Amino acid sequence: MNDLVDLVEAARAEFTAAPTPAALEDAKARFLGKSGRVTELLKGLAALAHEAKKARGAEINQAKAAIEAALQARREALAAAELERQLRAEALDVTLPGRSRGTGSLHPVSRTIERIEAIFASMGFDVAEGPEIETDWMSFTALNNPENHPARSMQDTFYVDLKDAEGRWLNLRPHTSPMQVRYARQHAARHAQEIAAGRPMPEIRVIAPGRTYRVDSDATHSPMFHQCEGLWIGQNVSFKDLKVVLSDFVRRFFETDDFDMRFRPSFFPFTEPSAEVDIAFRDGPLAGRWLEVAGSGQVHPNVVRNFGLDAEANIGFAFGMGPDRLAMLRDGIDDMRLLFEGDLRFLAQFR
Ligand code: DAH
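Residues numbered from 1 in each chain as written. Predicted model: local features only at pLDDT ≥ 70, side-chain atom pairs only at ≥ 80, totals over all residues. Heavy atoms only, no water.

1. Structural notes on the site of the ligand
Every one of the 16 residues lining the ligand counts as a neighbour, but His175, Ser177, Arg214, Gln227 and Glu229 are closest to it. Between the ligand and Gln180, the relevant distance is 3.1 Å, taken from an oxygen atom to a side-chain nitrogen or oxygen of the residue. Within the contact set of the ligand, an oxygen atom lies 2.6 Å away from a side-chain nitrogen or oxygen of Glu229. Protein contacts shield 91% of the accessible area of the ligand, which totals 360 Å² for the unbound molecule. Here the ligand is seated within the largest pocket. Counting only elements with at least two residues in the shell around the ligand, the list comes to β6 (224–234), β9 (291–299) and β10 (315–321). Along the lines of polarity and charge, the residues of the shell around the ligand split into four nonpolar, 10 polar and two charged. (Near = heavy atom within 4 Å. Polar contact = N/O pair within 3.5 Å; in protein donor to acceptor, adjacent residues only side chain to side chain. Areas by Shrake-Rupley, 256 points an atom, 1.4 Å probe, with all protein chains shown as cover. 1 Å grid on protein atoms, 1.4 Å probe; cavity = no way out; pocket = protein on both sides within 12 Å on 5 of 7 lines; lining within 4 Å. Sits in = over half its atoms within 2 Å of the grid points. Helix = DSSP H or I, 4+ residues; strand = E, 2+ residues; numbered from the N terminus. Nonpolar A, V, L, I, M, F, W, Y, C, P; charged D, E, K, R; others polar.)

Written out as structure tokens, the structure reads:
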């Protein structure tokens, strides 16, 4: 009897010590297999007398049942441990924040240009775009800026290692003013018939925003920057109209009536007279400071002739402004370089 208690204990101990299902099956074979210890005991019954065989047989079968129960319990324990391990390995933390894709947004300068376009479009201005690599004639000569004239040094220009048909270096346009010439010449060509017949052509009213380039870099200048050119040419367009257009623009761009505007005499080769346009807000953080927002003037007759138009019959004004500076003023940005560094921490503030 005691030997059976020990046997059951030994089986339990081996089953418990089996670390894997395979080791458990080996342990099972040692007790319940063909030549396992329980099987050997049962074989030994044959030698016993009838009564003794009955009693011993029942005891062995009890021990066998206890060993089978221990085996089953250990099998279940190992299976449960395996399941637990798998669950832990495949665990999903549903409380972790998801990985989202960033939502893009318009750059503050693009937004500013869209704003400028919308305001001028509502005043009947077309929006035109032109090349950033320009000929010498378009960037300078057509704009009454003769070769070797000192006024050319107003702009520190980038040149491209390629020459145009006249043998002059191409340039990265230092301003959007060539677009006055490109657009006006196209307009003149479109209306060649009226013009030839001496009839008045429809007015030219256009803005041309875009990238411009100069050898210049500090907190208020970037070698690549933006300009927006404006041109209004007709038979009877005056400085008064320029003033109305620009003050209306400022009012709508900055969404305020509380500013003063002044025209400060200046010089540009392509306008005569020329003026810088300054504004001063009456309140807010910039109150009382004159801020330059545009260059402007009445288009010089030489330039009107380069448009392919009669300078006696056509008159008007041009202006050029800086969307980068306008964005900085409107959004309170104090360093222009921030606009072009591409730092998302900065740009995301303008979503
Ligand atoms: N092109 C000038 C510049 O880059 C800006 C400018 C001034 C444009 C006067 C104009 C104008 O159309 O009339 O400094």
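2. So, the layout of surface pockets
Rolled over the atoms, a probe as big as a water molecule pinpoints where empty space is left. In this structure, the largest pocket spans a volume of roughly 870 Å³. Taken together, 39 residues make up the lining of the largest pocket; nearest its centre are Arg214, Phe225, Gln227, Glu292 and Gly320. Only β6, β8 (271–281), β9, β10 and α11 (323–331) provide two or more residues apiece to the lining of the largest pocket. For the lining of the largest pocket, the leading source of residues is β9, giving six residues. When its residues are assigned to classes, the lining of the largest pocket shows 15 nonpolar, 16 polar and eight charged. (Points joined across faces, edges and corners; volume = space filled by probe spheres on them.)

3. What to know about the nonpolar core
Soluble globular proteins tend to pack their nonpolar side chains together in the buried interior. Grouped together as the largest cluster of nonpolar side chains are 29 residues, with contacts concentrated most on Ile116, Phe120, Phe249, Ile279 and Met321. For this core, the secondary structure elements donating two or more residues are α5 (108–122), β6, α9 (239–254), β7 (259–268), β8, β9, β10 and α11. Per element, the largest residue contribution to this core is seven residues, and it comes from α9. Those residues in contact with Phe120, other than ones at most four positions away along the chain, are Phe125, Ile207, Val245, Phe249, Phe319 and Met321. One finds Ala142, Tyr183, Leu231 and Phe307 within the second-largest nonpolar core, a separate group that totals 24 residues. (Core = buried A, V, L, I, M, F, W, Y, C linked by side-chain atoms within 4.5 Å. Buried < 20%, exposed > 50% of the residue type's maximum accessible area, 1.4 Å probe, protein only. Contact = heavy atoms within 4.5 Å.)

4. Remarks on the pairing of strand β3 (residues 158–163)
Looking at chain direction, β3 and strand β4 (residues 169–172) are connected through three bridges and run antiparallel. Along β4, the bridge assignment pairs Phe158 with Leu172. Between the antiparallel neighbours β3 and β4 lie five residues, among them Gly167 with a positive phi of about 80°. (Pairing = 2+ DSSP bridges.)

5. Describing the packing of α5 against α9
Axis separation between α5 and α9 bottoms out at 10 Å; the angle between their running directions is 130°. One finds that α5 runs oblique with respect to α9. The handedness of the crossing between α5 and α9 comes out as right-handed. On the side of α5, the interface is formed by Thr112, Arg115, Ile116, Ile119, Phe120 and Ser122, while α9 contributes Val245, Phe249, Arg252 and Phe253. Residues of the contact of α5 with α9, tallied by class, amount to six nonpolar, two polar and two charged. (Axes fitted to C-alpha atoms, helices over the stretch in contact; angles between N-to-C directions. Parallel < 35°, antiparallel > 145°, perpendicular 65-115°, else oblique. Left-handed = near helix turned anticlockwise from the far one by under 90°.)

6. Description of helix α1 (residues 2–17)
The end-to-end C-alpha distance of α1, which contains 16 residues, comes to 22 Å, matching closely the 22 Å that a straight helix rising 1.5 Å per residue would cover. Each element contacted by the buried residues of α1 is listed here: α2 (21–32), α3 (37–44) and α4 (50–89). (Expected span 1.5 Å × (residues − 1).)

7. Thoughts on the packing of aromatic side chains
All told, the structure shown has 13 aromatic pairs when counted by the stated rule. When the ring of Phe120 is compared with that of Phe125, the centres are 5.2 Å apart and the planes differ by 70°; the resulting orientation is edge-to-face. Phe125 matches Phe120 in its accessibility class, with the two residues each being buried. Measuring from centroid to centroid gives 5.4 Å for Phe120 and Phe319, while their planes differ by 25°, and the two rings are stacked. Taken together, the residues span a long stretch of sequence, with Phe120 in helix α5 and Phe319 in strand β10 at a distance of 199 residues. Per residue, the accessibility class of Phe120 equals that of Phe319, and both read buried. Through successive ring pairs, a cluster of aromatic residues spans Phe120, Phe125, Trp232, Phe249, Phe253, Phe254, Phe281, Phe317 and Phe319. Positioned over the ring face of Trp169 is Lys163, at 4.5 Å from the centre of the ring. One residue, Arg330, lies across the ring of Phe253, its end atom 5.9 Å from the ring centre. (Phe/Tyr/Trp six-rings, centres within 6.5 Å; stacked < 30°, edge-to-face > 60°. Lys NZ or Arg CZ within 6 Å of the ring centre and 35° of its normal.)

8. What about the pattern of salt bridges?
The tally for this structure, following the rule as stated, stands at 25 salt bridges. Glu59 is paired through a salt bridge with Arg56; the nearest N and O atoms lie 3.9 Å apart. Separated by three residues within a single helix, Glu59 and Arg56 lie in helix α4, roughly one turn from each other. We note a salt bridge from Arg205 to Glu203, for which the minimum N-O separation is 2.9 Å. (Salt bridge = Lys/Arg side-chain N within 4 Å of Asp/Glu carboxyl O.)

9. With respect to the pairing of strand β5 (residues 204–213)
The buried count for β5 comes to eight of 10 residues, which makes it a mostly enclosed element. In this structure, strand β1 (residues 126–127) lies alongside β5, joined through two bridges in parallel fashion. Its bridge partner lying in β5, Val127 is registered against Ile207. Sheet topology note: the β5/β6 ladder contains 10 bridges and is antiparallel. The residue of β6 that forms the bridge with Pro209 is Cys228.

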